[in-house]
Amino acid sequence: MNLYLQFALRYFYKKDDRSFSSNAINLAIIGLAIGVFSLLMTISVINGFEEVLSNKIIRVDGKIRLKTILGSPIKESERVDSLIINSNSEIKIKPYIRGSAIVFKNKMTEAIILEGVDYLKDYNETGIGKRYIKDDEIIIGNSLGNNIYLDSNDILMIAPLSDFEGNPMSLRYNKLLVNGKFKTGMDEYDKSLAYVNIKTAQKLFNMSGMVSGYIINSNGELDFLINDLNEIIKYPYFLESWRDRHQIIFQWINTQKIPIIIIFGLIALVGVINILATISLMINEKSTEIAILSAQGFQKDQIRKIYLLQAGIVGLIGSLLGSFASLFCIYFQNKYKIISLPEEVYFMDSLPVSFSYSICIIVIVMTFFVSIFSGLFPTRSIFKYKVSNLLAKE
């Protein structure tokens, strides 16, 4: 084992009830662990919000939607989907129809967004799984069903607003059978979105042989997918990603991210300052031992290395304890949903946390080197007094 490391570990493990430095080391480790824990938990919560929200939006909206610039319908005979399928990317594409409608039940009225698709994907939080929608059937959001007291197999009156001119008598009413509910985990969707199949949507919105656009999904990176498709898609069509559709939400998350990380990073910095104070205390307390080492031939830089390693060990242990504590809390939060959230406000019913091992390693490595760097300042006073005076005092 390296000689300097042996001395550093000896000071670290040496227990002396009369020594202030022993307690100071423990307190420095605890303070740094709390700072690292706060920083990693903050980053994990921010990443969790962004990751969970992104995944939920993609499951509902798809990664990309192809539409016309003016929002006009696309004729199925134009075979735009064939052009996309022939691109270099591995993609899945399905047509959709989207429009506004009013539903009536139990003397209650709700405005909804009605979407026509051939089948519903499996949302993590829905009980219906992947299924095809039959003609004249509708699948509604869980919150919408609760608001107007709808259950499966109920008959729902629906009136599309595509040709509404201000006169309620001009509305065309249709009866649809409620054949299930879905729950995306985002209350805004669950109370305003409903699904029918393409054929029913075409009948409701007078769009025979036409669709509103195409939903495009792929396992590839979003930016690469858009760049690839832009070489094929020309005017009057354009691509709208899920980021474009919800850019305000993610701009808000990014705006909050930097100041929050800085604030909790300062908490970790306080722990590093405690290390600086601890090393200063140790140098003052161990001045006689420093003098003995110097008398035995140790150079100033060699003695400094011992205390720098001591600072690094304290920083490493503190950052590891904070990292393991944050990983432990994240595991239990993800498994047992200990901290709940109001779903209608945060688009999710529990606090999302996503632990990043790469960020954790970066924090540990940075803490280790910053701790060593913090030890440079107190070690400058190692030879403040003459060695002979220190030995004579002992």
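Look up a bit, the structure's there.
Residues numbered from 1 in each chain as written. Predicted model: local features only at pLDDT ≥ 70, side-chain atom pairs only at ≥ 80, totals over all residues. Heavy atoms only, no water.

Focus on the environment of isoleucine 292
Within the fold, isoleucine 292 resides in helix α10 (residues 287–295). Looking at isoleucine 292, the relative accessible area reads 38%, which means it is partly exposed. (Helix = DSSP H or I, 4+ residues; strand = E, 2+ residues; numbered from the N terminus. Buried < 20%, exposed > 50% of the residue type's maximum accessible area, 1.4 Å probe, protein only.)

With respect to the nonpolar core
In terms of nonpolar packing, the biggest core is built from 90 residues, with Leu66, Leu114 and Ile138 touching the most fellow members. The element best represented in this core is helix α2 (residues 20–61), accounting for 15 residues. Ignoring sequence-local partners within four residues, the contact set of leucine 66 consists of Ile74, Val80, Ile84, Tyr96, Ser212, Gly213, Tyr214, Ile216, Ile233, Tyr237, Phe238 and Leu239. (Core = buried A, V, L, I, M, F, W, Y, C linked by side-chain atoms within 4.5 Å. Contact = heavy atoms within 4.5 Å.)

Concerning the pairing of strand β13 (residues 237–241)
Counting buried positions along β13 gives four out of five residues, so the element sits mostly inside the fold. Where strand β1 (residues 64–68) meets β13, five bridges bridge the pair, whose relative direction is antiparallel. Opposite lysine 67, over in β13, you have phenylalanine 238 as the bridge partner. (Pairing = 2+ DSSP bridges.)

A short note on the pattern of salt bridges
Per the counting criterion, the structure on display carries 12 salt bridges. Of the charged contacts in the structure, one is a salt bridge between glutamate 50 and lysine 257, with a shortest N-O distance of 3.1 Å. Note that glutamate 50 is positioned in helix α2 and lysine 257 in helix α9 (residues 247–285), a separation of 207 residues in sequence. Glutamate 50 gets classed as partly exposed once you look at its relative accessible area, which sits at 22%. (Salt bridge = Lys/Arg side-chain N within 4 Å of Asp/Glu carboxyl O.)

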